[in-house]
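Analysis of the macromolecular model
The chain contents come next:
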Amino acid sequence: MRTEEDTPLTERVLLVESRASQEALTAFAQGFPQRSANEEALFLSFNYADVPVGRQFDCCFRRADPSDAVRATVTVVAVTQQFGASWDQVPHGWKTLTLLRFEPEVPSLIRNLPEASVWYEQPISVYISDTAAWEARTANE
């Protein structure tokens, strides 16, 4: 277990690999609620800390160009990894399939991510964080 408070600010980012394909949703997301238009199921890479369902972030940015940032309220809605078993958090060190709600809408940098059927099909290309973590990561650029 690792808390956010125990994690350096610059590391407090969700690492997004890709959007989940319909095949992936059928295989892994049986425990997810019905998705609304402003929600995306995303494959996340190894997580920085235990992040509970309900946790909100406010910044999405490209790994290759952190200055290309979009402000949106991003809420962790549902998490799974064990073939449909619903979890109450994104656990530290795990790759997960996570349902995120974006308000007011899904940003194009998320919407335009490629789809994948499992982890590792796509490299990490987008980060989701709080503004403070984004500012800490971009402070020396």
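See above for the structure.
Here we summarise the structure given alongside this text.

Rules used throughout
Residues numbered from 1 in each chain as written. Predicted model: local features only at pLDDT ≥ 70, side-chain atom pairs only at ≥ 80, totals over all residues. Heavy atoms only, no water. Buried < 20%, exposed > 50% of the residue type's maximum accessible area, 1.4 Å probe, protein only. Helix = DSSP H or I, 4+ residues; strand = E, 2+ residues; numbered from the N terminus. Pairing = 2+ DSSP bridges. Core = buried A, V, L, I, M, F, W, Y, C linked by side-chain atoms within 4.5 Å. Phe/Tyr/Trp six-rings, centres within 6.5 Å; stacked < 30°, edge-to-face > 60°. Lys NZ or Arg CZ within 6 Å of the ring centre and 35° of its normal.

1. Here's the deal with the pairing of strand β1 (residues 13-20)
Consecutive side chains along a regular strand alternate between the two faces of the sheet. Counting buried positions over the 8 residues of β1 gives 8, a clear majority of the element. Bridge count for β1 against strand β10 (residues 126-129) is 4 bridges, and the pairing is antiparallel. By the bridge assignment, L15 is partnered in β10 with Y127. Across 3 bridges, the pairing between β1 and strand β2 (residues 39-44) is antiparallel. Bridging from a neighbouring strand, R19 pairs with L42 of β2. Where β1 lies against strand β9 (residues 115-116), 2 bridges are found, and the strand directions are parallel. Note that in β9 the partner of A20 across the bridge is A116.

2. Focus: the pairing of β2
The buried fraction of β2 amounts to 6 of the 6 residues, a majority that puts the element mostly inside the structure. By the alternation rule, side chains of β2 split into E39, A41 and F43 and E40, L42 and L44, which are all buried.

3. Section: the nonpolar core
L42, F57, V74, L100, F102, I110 and I128 are the most contacted members of the largest nonpolar core, which has 23 residues in total. Residue assignment for this core shows that the elements contributing at least two residues are β1, β2, β4 (56-62), β5 (69-80), β8 (96-103), α2 (108-111) and β10. Membership of the second largest hydrophobic core comes to 14 residues, among which are A29, A41, A78 and W119.

4. Quick look at the packing of aromatic side chains
In total, this model carries 4 aromatic pairs according to the counting rule given. For the ring pair F28 and W119, a centre distance of 5.3 Å and an interplane angle of 55° mean the geometry is tilted. On the criterion of sequence distance, the pair formed by F28 in helix α1 (residues 22-28) and W119 in the loop between β9 and β10 is long-range, its members being 91 residues apart. A single burial state applies to F28 and to W119, both of which are buried. Arranged with centres 4.8 Å apart and planes meeting at 70°, the rings of F43 and W119 form a pair that is edge-to-face. One end of the pair, F43, is in strand β2; the other, W119, is in the loop between β9 and β10, with 76 residues separating them in the sequence. Across the pair, exposure class does not vary: F43 and W119 are buried alike. Members of the aromatic cluster, each reached through a chain of ring pairs, are F28, F43 and W119. The ring of F57 has R55 lying over it, and the distance from NZ or CZ to the ring centre is 4.1 Å. Above the plane of the ring of F46 lies K95, whose end atom (NZ or CZ) is 5.0 Å from the centre.

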